[in-house]
Amino acid sequence: MNDAFTKLSSADMQTLVAGLRSGRVAAPYSGLQVSRVIPSALSSVIREGLLHLDGLGFSPEQIATVLELIESDRKDGRATEPPIDLVTSGPEAPGITNRDTAVVVRELFAHAQKSVLVVGYAVYQGQRVFESLAKRMQELPDLDVRFFLNVSRPDRDKTPSEILVARFKQRFKDTQWPTGCRLPEVYYDPRSVAEDEPVRSSLHAKCVVVDTEHVFVSSANFTEAGQERNIEVGLSIRSKWLAMQLIKHFKHLHEHGLAVKAL
């Protein structure tokens with residue numbers, strides 16, 4: 001049997017099943033007959049599928065049963081998909097309620113048990129943004145927290161890269177992390193401070209991975225504006241597979257010298 005029937009929507013599948021069981025759709029499955037219950041764009045390919053099964057000796061009742069099994073398998077597949085929440089920053093669109101970026105990030109940090117991976121481009125007002133994470137690190141001394149952050153070089157700036165990194169480290173400790181709290185490990189892409197402009201790049205990704213299970217990928221920077229005021233969109237996904245893929249990605253960047261430890 002070809003894959004003709006998988007092209008049907010659930011509603012069209014149910015309509016075809018009903019037609020087969022009622023006798024409105026029956027061998028020899030004329031084009032006109034099929035087009036009465038199936039959208040015209042699919043009626044030809046669905047008729048070919050029906051004729052193929054008819055040629056194998058399937059009765060209309062048996063074909064209906066096959067279609068019901070296809071739909072049941074489709075529903076089971078949807079049921080196993082990881083739950084995904086739409087997360088937004090900024091004003092809510094009228095009549096639509098999504099999860100709030102700042103709330104989601106705080107919840108992820110506050111409930112971490114084993115590990116936290118934070119990847120970000122811009123960090124400002126970090127003492128506020130990372131307050132719940134720093135508190136959680138105090139509560140759980142073994143919590144493994146790793147940051148991959150962008151260290152920027154302004155255009156036409158000629159400062160030696162080691163000085164730019166030293167300034168970044170000091171600024172992060174003094175102004176972007178809650179005072180007196182255990183620091184996370186911090187990594188950066190050394191190309192971001194390269195003096196050779198064609199080599200220079202940015203670590204532009206923004207995501208959080210917690211306990212190798214919870215993944216939050218967003219357009220929002222770790223700033224007060226990005227978390228609360230700007231119009232930003234992200235997805236919160238519960239998926240061990242996706243979490244592990246992200247963790248492996250950044251681990252391999254470090255192992256191959258593409259992400260260097262700063263703190």
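Computed from a prediction, not measured in an experiment: that's the story for all the values here.

Caption draft 1: How the structure looks around the pattern of salt bridges. Inspection of the entire model under this criterion finds 13 salt bridges. In this structure, Arg-21 engages Glu-68 in a salt bridge whose closest nitrogen and oxygen atoms are separated by 2.6 Å. Taken together, the residues Arg-21 in helix α1 (residues 10-22) and Glu-68 in helix α4 (residues 60-79) connect sequence positions 47 residues apart. For Asp-189, the salt bridge identified is with Arg-191, shortest N-O distance 2.8 Å.

Caption draft 2: Local environment of the packing of helix α5 (residues 101-110) against helix α7 (residues 131-139). The interhelical angle for the contact between α5 and α7, taken along N-to-C directions, is 5°, at an axis separation of 8 Å. One element, α5, and the other, α7, form an angle in the roughly parallel class. Here α5 contributes Arg-106, Phe-109 and Ala-110 to the contact with α7, which in turn contributes Ser-132, Leu-133 and Arg-136. Class assignment of the residues belonging to the contact of α5 with α7 gives a composition of three nonpolar, one polar and two charged.

Caption draft 3: Here's a closer look at the sheet that holds strand β2 (residues 99-100). Taking strand neighbours across the sheet as the criterion, the nine strands line up as β2-β1-β8-β7-β6-β3-β4-β5-β9 in an open arrangement whose pairing is mixed. Here the strands that pair on one side only, and so sit at the sheet edges, are β2 and β9 (260-261). As paired strands, strand β3 (residues 115-120) and strand β4 (residues 144-149) are joined by six bridges and run parallel to one another. Across the sheet, residue Val-119 finds its bridge partner in β4, namely Phe-148. Helix-sheet contacts for helix α10 (residues 240-255) involve β3, β4, β5 (185-188), β6 (207-210), β7 (214-218) and β8 (232-238), and the interaxial angle to β3 is about 65°.

Caption draft 4: Structural detail: the environment of Phe-168. Its location among the elements puts Phe-168 in helix α8 (residues 161-176). Residue Phe-168 is classed as buried on the basis of its relative accessible area of 8%. Considered as a pair, Phe-168 and Val-210 are 42 residues apart in the sequence and their alpha carbons are 25 Å apart. The contact partners of Phe-168, leaving out residues within four places of it in the chain, are Leu-149, Asn-150, Val-151 and Val-186.

Rules used throughout
Residues numbered from 1 in each chain as written. Predicted model: local features only at pLDDT ≥ 70, side-chain atom pairs only at ≥ 80, totals over all residues. Heavy atoms only, no water. Salt bridge = Lys/Arg side-chain N within 4 Å of Asp/Glu carboxyl O. Helix = DSSP H or I, 4+ residues; strand = E, 2+ residues; numbered from the N terminus. Axes fitted to C-alpha atoms, helices over the stretch in contact; angles between N-to-C directions. Parallel < 35°, antiparallel > 145°, perpendicular 65-115°, else oblique. Contact = heavy atoms within 4.5 Å. Nonpolar A, V, L, I, M, F, W, Y, C, P; charged D, E, K, R; others polar. Pairing = 2+ DSSP bridges. Buried < 20%, exposed > 50% of the residue type's maximum accessible area, 1.4 Å probe, protein only.

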